[in-house]
Amino acid sequence: MSRAGWTLRYSSPEVPSIEDGALCLLSARGSEDRSRAAFWDDHVLTHGDSCWEVEEQRPDEIVIGRRGERRRLGLRDAASLRSLMAGRSVAYIDVSGLAHDTWAPILREALSAVQTLWVMYAEPESYRLHASPASWNVFDLSTSIGGVAPLPGFANLRGPREEAPCAFVPFLGFEGMRARQLALSLDPVPPVVPVVGVPGFRFEYPQFTVACNNELLSDYQAHVNVRVARASCPFEAYRTLCEISQDFPGAHVYIAPIGTKPHAVGAVWFAIDHPESTELLYDHPVRRPKRTVGVGPVHLYCLRDAGRGPFNGSR
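Presented here is an overview of the structure given in this document.

Parameters at a glance
- Here, residues in each chain are numbered from 1, in the same order as that chain's written sequence.
- Local features in a predicted model are, by the rule used here, given only for residues with pLDDT of at least 70; side-chain atom pairs are given and counted only at 80 or more, and totals for whole chains, interfaces and linings are based on all residues.
- Note that water and hydrogens are dropped before the side-chain values are worked out from all heavy atoms of the structure.
- When a residue's accessible area, from a 1.4 Å probe over protein chains only, is under 20% of the maximum for its type it is buried; when over 50% it is exposed; and in between it is partly exposed.
- Comment: elements are numbered from the N terminus, with helices defined as DSSP H or I runs of at least four residues and strands as E runs of at least two.
- One bridge is not enough; two strands pair if DSSP finds at least two bridges between them.
- Each salt bridge in this description consists of a side-chain nitrogen of Lys or Arg and a carboxyl oxygen of Asp or Glu lying within 4 Å of one another.
- The rule for a disulfide is simple: a pair of cysteine sulfur atoms within 2.5 Å.

### Quick notes on the pairing of strand 7 (residues 116-127)
Most of strand 7 is tucked away, with ten of its twelve residues classed as buried. By the bridge criterion, five bridges tie strand 6 (residues 90-94) to strand 7 in an arrangement that is parallel. Considered in strand 7, the bridge of Ile93 is made with Val119.

Below, the structure written as structure tokens:
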């Protein structure tokens, strides 16, 4: 039986079972506890030759290291990213402490370069509350927004076909102004089909999400179009995009992966599989240091399994 589409969930940050000889890509220690969970320390110590730590992250390049060796990789250099996986049949990518600019282009290469691909994500125990919360901003997550620009290697120069219908699908998070600003980057704004993380990491989080994005929902009469997908599940995010594409046949779908990181993984993955009909919109927020506290449940997602290929939304 294929494991593609499986999720393994660890309720405490214990050591998952990592296959011997697998490539592991993870963040170096950062300002967030969950950016590099403690179980990685022992694995790096005993399997250092197969573990690359991302030491520096920039919009166009990263610096990675392992046991004294350091390499600089361009995030738009597909061959360079693919070289990380040379000779490996299994790979694990821990996206917890990695920016979208970093993990998205690596994910695209890994999906075709290895036989078995796992993505790991550690939830935070809690988010940092905003000192002066507003209706659109309960938590203090970003210091600024870099602006709308493609993720590295994901520029879509073709755009929608002439006269083709369009749809805007934002995966909603706690920063309500982000989705609204991305919508305003489209002229005219097409039908808005928001996706909310239900169930959320916590029971109350979906309510926060809807409240923070109420202006977007009201301005574009999008309440009736809201879809839901489990906040911790990239597979439900992928399936939801499949359903939206069926509901808007022939449409060019603009996808904003600005909600939970598991949703973003599913959204980016869907865009990789459907390059002709989708376009990713991202606003590159500058994350506030120490914006989360602690480490919550750890999830392992099997995106691709040896011998049976990738999950395709149907299983």
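### Structural notes on the pattern of salt bridges
Inspection of the entire model under this criterion finds 22 salt bridges. Notably, a salt bridge pairs Arg36 with Glu53, separated by 2.3 Å at the nearest N-O pair. Placement of Arg36 in the loop between strand 2 (23-27) and helix 1 (39-46) and of Glu53 in strand 3 (residues 51-57) is noted, with a sequence separation of 17 residues between them. With respect to class, Arg36 is no different from Glu53; both count as buried. Salt bridges sharing partners connect three or more residues here, namely Glu55, Glu56, Arg58, Glu61, Arg70 and Arg72.

### A look at the state of the cysteines
Going through the model one piece at a time under the given rule, you end up with zero disulfides. In this structure Cys166 is a free cysteine whose sulfur lies 19 Å from that of Cys242, the closest cysteine sulfur available. According to the relative accessible area criterion, Cys166 is buried, its value standing at 19%. The thiol of Cys233 is unpaired, and the distance to the nearest cysteine sulfur, on Cys242, comes to 12 Å. Classification of Cys233 by relative accessible area gives buried; the value is 9%.

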